[in-house]
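Chain residues, written in single-letter form:
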Amino acid sequence: MVAQKRMRFPNPFTSATASDKDAEMHETLLACRRLWNPPWAPLWIRAWKGVIFGLLGGQGLAFLVNLLQHFPYQSVDFAQYYFLAQWVHQGGAFADPEWPFKVGILWPKWVYLVTPFLPYQPLLLPVMRVLRALPYTYAYLVWSGGAILLLWLLAGRLARNLTVSPLCIRVALLCFPSLWFGMYWGNVDLYLAAGVLGAVLLFYEGRVAWSGFLWGWLGAFKPFLLFGAAPALRRGGRSFLLGLIGGGMSAFLVAWRAVGGRGLWFLLERLPQYTQKTAQWFLDGNASITGWLSFWVGPETALSRPLLFHLPSVQPFALVLGLVLLVVTVWAWRKAPAPAPWLEEGLWLTLGMLMAPFAWPQYLLYLFGPLAVLYARFAQPAKPHRAWSAIAYLLLPALLTGFLWGGVDTHLLALIRFRVVSLFAGSIYFALWLLFLVSILEPRPA
């Protein structure tokens, strides 16, 4: 990598000034002004940013009002981690499926059905046994604040990696509704998204084995994230592979130490039940291929029904479609002349989300780095295909709808009970996969 010098931008939203030494990178990499005002774009596309600001402003206000009304009890995901740690610390058995009934908390109904079988709880338990010493509110603030601080610091490193103003990247991060989602629910995706950023940065900064080690931990939490390790696995050789194996083994040992063999067997034995109950209760929010197909022809449940007709299972069709996407991805990846690292990372991560059993709308946070590079590429004045650039910019408001996904599905379309979130979020993932695919096949501007 070319030696980089930290750049200073007088105004990160209007200035595109760089030193003479950075002029070449300045022309090909991120600049906030180009992201908001692409030089190739007609006036009507530039006006589209009004829609973006409207979405962000409206949702930001709604988010703050909702948070103030329910704080800190809106953080159901964090509560699952926290009160399980309390239960275990007081002598309760991790493998007791009745523990949510016994901790004195009134949960939403779905918590009783899926929480005792959450597969990655053993990996979180050691950390949560430390946090459980704090009152719930303070523990939640430490958990969320730590994640945001970590993402903030990594966003600065990402900016240096891309030679762009750190403030520009950090403002974009804070405006990303997926970050709000993670903070609102207190879920682990904030830390895993930081892990994805860190793993890619470690690899391209030359610390290949440590990158593999971190990918091993990420895959232990959510196996679909291992798709994101494909570019590094292709280039990293033995060092990366050994790091990957070491990370996976250390995660297994931590889980074994936390809950023992009985606890791990309990989770493995109940995995089909966990998958079934999660699909039953959250089919409407699943943005993977399975969820997207379920909008059209999936199984009918007590909560929702498909648009056309219902099939007992869409898994065979999801598997076939996933294999087709995998073949196309591998073909494009091998054919690409010299794909930008972050763009191929985005391609593989998006494919992993589509092929996973479950993918939620907030998983967009995993794509923060690749999305920044994708939009910088489409903003370049020498962009060969303006049609793809226009599609990318027209898609941008859909990436920022945040809490409107649930609002539209719950209120405006409650009577017909279609799985609108699955259709909407799944279609976004399909569109992003296609845009990443196109972007790595195009030659880089001279």
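Since we're looking at a predicted model, the values are computed, not measured.

## Topic: the overall build of the protein chain
Consideration 1: In terms of regular secondary structure, the protein chain is built from 22 helices and zero strands.
Consideration 2: Of all 446 residues assigned to the protein chain, the portion counted as buried reaches 54%.
Consideration 3: A separation of at least 24 residues holds for 74% of the contacts in the protein chain among residues at least 6 apart in sequence.
Consideration 4: Total accessible area on the protein chain stands at roughly 20300 Å², and carbon and sulfur atoms take up 69% of it.

## Brief notes about unusual backbone geometry
Consideration 1: Residue P72 follows F71 across a cis peptide bond; omega there is -5°.
Consideration 2: As for its placement among the helices and strands, P72 is situated in the loop between α4 (49–70) and α5 (76–89).

## As for the nonpolar core
Consideration 1: If you look at the biggest cluster of nonpolar residues, it comprises 133 residues, and the most contacted ones within it are F78 and L432.
Consideration 2: Considering each element in turn, this core owes the most residues, eleven residues, to helix α9 (residues 136–162).
Consideration 3: Aside from chain neighbours lying at most four places away, what touches F78 is M128, L131, Y136, A139, Y140, W143, W185 and G186.

## Brief notes about the packing of helix α13 (residues 208–221) against helix α14 (residues 230–269)
Consideration 1: Contact geometry for α13 and α14: axes closest at 6 Å, N-to-C directions at 40°. By the criterion of interaxial angle, the relationship of α13 to α14 is oblique. Crossing of α13 over α14 shows right-handed handedness. Every residue of α14 that contacts α13 at V208, A209, S211, G212, F213, W215, G216, W217 and A220 is listed here: G236, S239, F240, G243, L244, G246, G247, G248, S250, A251 and V254.
Consideration 2: Tallied by class, residues from the contact of α13 with α14 come to ten nonpolar, ten polar and no charged.

## A short note on the packing of aromatic side chains
Consideration 1: Within this structure, the stated rule accounts for 37 aromatic pairs.
Consideration 2: With a centroid separation of 5.5 Å and 55° between ring planes, the pair formed by F78 and Y136 is classed as tilted. With F78 in helix α5 and Y136 in helix α9, the pair connects residues that are 58 residues apart, well separated along the chain. Across the pair, Y136 and F78 agree in class, each one buried.
Consideration 3: Aromatic side chains Y184 and W185 sit 5.0 Å apart centroid to centroid with 85° between the ring planes, which places their arrangement in the edge-to-face category.
Consideration 4: Above the face of the W333 ring, R234 is positioned so that its terminal group lies 4.4 Å from the ring centre.

## A look at a nonpolar patch on the surface
Consideration 1: Taken together, the side chains of F71, L134, Y138, L141 and V142 define a hydrophobic patch exposed on the protein surface, amounting to about 450 Å² of accessible area.
Consideration 2: Here F71 shows up in the loop between α4 and α5.
Consideration 3: Judged by its relative accessible area of 34%, F71 falls in the partly exposed class.

## Brief notes about the side chain of T290
Consideration 1: With respect to the helices and strands, the residue T290 is situated in helix α16 (residues 289–297).
Consideration 2: Every residue in contact with T290, bar those within four places of it in the chain, is listed here: V314, Q315, A318 and P357.

## As for α5
Consideration 1: Here α5 spans 20 Å end to end across 14 residues, near enough to the 20 Å set by a 1.5 Å rise per residue.
Consideration 2: Burial within α5 is extensive, with 13 of its 14 residues counted as buried.
Consideration 3: Remark: G91 follows α5 within two positions and exhibits a positive phi of approximately 100°.

## So, the environment of G346
Consideration 1: Tracing the sequence through the fold places G346 in helix α18 (residues 341–355).
Consideration 2: A C-alpha to C-alpha distance of 7.6 Å links G346 and G228, two positions 118 residues apart in sequence.

## What about the side chain of T278?
Consideration 1: Within the fold, T278 resides in helix α15 (residues 271–282).
Consideration 2: Filtering out sequence-adjacent residues up to four positions away, T278 remains in contact with V114, L283, F358 and W360.

## Quick notes on the pattern of salt bridges
Pairing between side chains of opposite charge can happen when their charged atoms approach one another.
Consideration 1: Inspection of every chain in the model, using the stated rule, returns five salt bridges.
Consideration 2: Its salt-bridge partner being E205, residue R157 comes within 2.3 Å of it at the nearest N-O pair. Of this pair, R157 sits in helix α9 while E205 sits in the loop between α12 (189–204) and α13, and the two are 48 residues apart along the sequence.
Consideration 3: Under the relative-accessibility criterion, E205 is labelled partly exposed at 35%.
Consideration 4: The residue K222 makes a salt bridge to D189 at a minimum N-O spacing of 2.7 Å. Of this pair, K222 sits in the loop between α13 and α14 while D189 is found in helix α12, placing the two residues 33 residues apart along the sequence.
Consideration 5: Taking relative accessible area as the criterion, K222 reaches 8% and is therefore assigned buried.
Consideration 6: A single network of salt bridges, built from pairs that share partners, joins R157, E205 and R207.

## Digging into the packing of α16 against helix α22 (residues 420–441)
Consideration 1: Running from N to C, α16 and α22 point in directions that differ by 130°, and their axes come no closer than 8 Å. By the angle between their directions, the pair α16 and α22 is classed as oblique. Of the two elements, α16 crosses α22, and the hand of that crossing is left-handed. Note on element contacts: α22 touches α16 through V420, S422, L423, G426, S427 and F430, opposite I289, G291, W292, F295 and W296.
Consideration 2: For the contact of α16 with α22, the per-class residue count stands at seven nonpolar, four polar and no charged.

## Some remarks on the environment of L173
Consideration 1: Relative to the assigned elements, L173 resides in helix α10 (residues 166–174).
Consideration 2: Setting aside anything within four residues of it in sequence, one finds L173 in contact with L151, W152, A155, L179, L365 and F368.

Basis of the calculations
- Residues numbered from 1 in each chain as written.
- Predicted model: local features only at pLDDT ≥ 70, side-chain atom pairs only at ≥ 80, totals over all residues.
- Heavy atoms only, no water.
- Helix = DSSP H or I, 4+ residues; strand = E, 2+ residues; numbered from the N terminus.
- Buried < 20%, exposed > 50% of the residue type's maximum accessible area, 1.4 Å probe, protein only.
- Contact = heavy atoms within 4.5 Å.
- Areas by Shrake-Rupley, 256 points an atom, 1.4 Å probe, with all protein chains shown as cover.
- Core = buried A, V, L, I, M, F, W, Y, C linked by side-chain atoms within 4.5 Å.
- Axes fitted to C-alpha atoms, helices over the stretch in contact; angles between N-to-C directions.
- Parallel < 35°, antiparallel > 145°, perpendicular 65-115°, else oblique.
- Left-handed = near helix turned anticlockwise from the far one by under 90°.
- Nonpolar A, V, L, I, M, F, W, Y, C, P; charged D, E, K, R; others polar.
- Phe/Tyr/Trp six-rings, centres within 6.5 Å; stacked < 30°, edge-to-face > 60°.
- Lys NZ or Arg CZ within 6 Å of the ring centre and 35° of its normal.
- Patch = residues over 30% accessible without salt bridge, like charges linked within 9 Å, V, L, I, M, F, W, Y side chains within 5 Å.
- Salt bridge = Lys/Arg side-chain N within 4 Å of Asp/Glu carboxyl O.
- Expected span 1.5 Å × (residues − 1).

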